[in-house]
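# Understanding the architecture of this molecule
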Amino acid sequence: MTWRYRLDTAYTLKSPHLAGICFCNEWLRIGDGALTIPAGYAWDGCSPAWRVPGGLWLGTPDGPPGIDGRPPTFYPSLVHDALCQFAADVPVTRAATVALFHDMLRAAGMPAWCAALYAAAVRAFGPAAFGGDPHPAT
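The notes below deal with the structure included here.

### Details of the overall build of the protein
Helix and strand counts for the protein stand at three helices and eight strands. In terms of overall size, the protein behaves like a compact globule, its C-alpha atoms giving a radius of gyration of 15 Å where 138 residues would be expected to give roughly 14 Å. Of all 138 residues assigned to the protein, the portion counted as buried reaches 40%. Once local pairs closer than 6 in sequence are excluded, the contacts in the protein between residues at least 24 apart make up 64%. Counting every atom, the protein has about 7700 Å² of accessible surface; 61% of that belongs to carbon and sulfur.

Have a look at this one:
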């Protein structure tokens, strides 16, 4: 698989959406309300997207490059992809992951209407359940 992005340095985010969550593996650590993703983690940005000949990507736009050269979805898609990759094991709820994604988009400067649209797509097409969601009665 071809990844669109790869972290050069570790990324850490503190958020109230992560309060009370404890999780640790090679690619994702959550504790004390903070999440850390180590350098080397690779992801595909906003989905769905496909790489076509010539190095172009078609699909969900990540947005225009900001002053740091990264689109506004760079870190929100990083965090959401890492949480989705380990969705069954991370004790976070689906609602918290969508809210975190939305809040990160807004913090990155995305207009409210656009952040709401992207968050709605994540809610509709992302994983249906995470490890922190209530499990149906058997």
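### Points about the pattern of salt bridges
For the coordinates displayed, the defined rule picks out one salt bridge. Put simply, Asp68 and Arg70 hold a salt bridge, and the shortest N to O gap is 3.9 Å. Taking relative accessible area as the criterion, Arg70 reaches 32% and is therefore assigned partly exposed.

### Brief notes about the nonpolar core
Grouped together as the largest cluster of nonpolar side chains are 26 residues, with contacts concentrated most on Leu28, Ile30, Ile37, Val79, Leu83 and Val90. Counting only elements with at least two residues in this core, the list comes to strand S2 (11-14), strand S5 (34-37), helix H1 (74-85) and helix H2 (94-107). When residues in this core are grouped by element, the largest group, five residues, is from H1. Contacts of Val90, omitting those with residues within four sequence positions, involve Ile21, Phe23, Leu28, Ile30, Leu83, Phe130, Gly131 and Gly132. In terms of nonpolar packing, the next biggest core, distinct from the first, is built from 10 residues, Cys46, Val98, Leu105 and Val122 among them.

### Observations regarding the side chain of Ser77
Mapped onto the fold, Ser77 is located in helix H1. Its relative accessible area of 2% is what places Ser77 among the buried residues. Separated by 3.1 Å, the side chain of Ser77 and the backbone oxygen of Phe74 make a polar contact.

### A word on the packing of H2 against helix H3 (residues 112-125)
Helix packing geometry: the angle between the two helix axes and the distance between the axes. One can describe the packing of H2 onto H3 by two numbers: an axis separation of 9 Å at closest approach and a directional angle of 155 degrees. With respect to H3, the axis of H2 lies roughly antiparallel. The crossing of H2 and H3 is right-handed. Across the interface between the two elements, Arg94, Val98, Phe101, His102, Leu105 and Arg106 from H2 touch Ala112, Ala115, Ala116, Tyr118, Ala119, Val122, Arg123 and Ala124 from H3. Tallied by class, residues from the contact of H2 with H3 come to 10 nonpolar, one polar and three charged.

### Topic: the environment of Met110
Along the chain, Met110 turns up in the loop between H2 and H3. It is 8.8 Å that separates the C-alpha atoms of Met110 and Gly63, two residues lying 47 residues apart in sequence. Discounting chain neighbours no more than four positions away, the residues touching Met110 are Pro72, Thr73, Leu105, Ala115 and Tyr118.

What counts, and where the lines are drawn
Residues numbered from 1 in each chain as written. Predicted model: local features only at pLDDT ≥ 70, side-chain atom pairs only at ≥ 80, totals over all residues. Heavy atoms only, no water. Helix = DSSP H or I, 4+ residues; strand = E, 2+ residues; numbered from the N terminus. Rg over C-alpha atoms; globule rule 2.2 N^0.38 Å. Buried < 20%, exposed > 50% of the residue type's maximum accessible area, 1.4 Å probe, protein only. Contact = heavy atoms within 4.5 Å. Areas by Shrake-Rupley, 256 points an atom, 1.4 Å probe, with all protein chains shown as cover. Salt bridge = Lys/Arg side-chain N within 4 Å of Asp/Glu carboxyl O. Core = buried A, V, L, I, M, F, W, Y, C linked by side-chain atoms within 4.5 Å. Polar contact = N/O pair within 3.5 Å; in protein donor to acceptor, adjacent residues only side chain to side chain. Axes fitted to C-alpha atoms, helices over the stretch in contact; angles between N-to-C directions. Parallel < 35°, antiparallel > 145°, perpendicular 65-115°, else oblique. Left-handed = near helix turned anticlockwise from the far one by under 90°. Nonpolar A, V, L, I, M, F, W, Y, C, P; charged D, E, K, R; others polar.

Geometric values such as these leave the question of function open.
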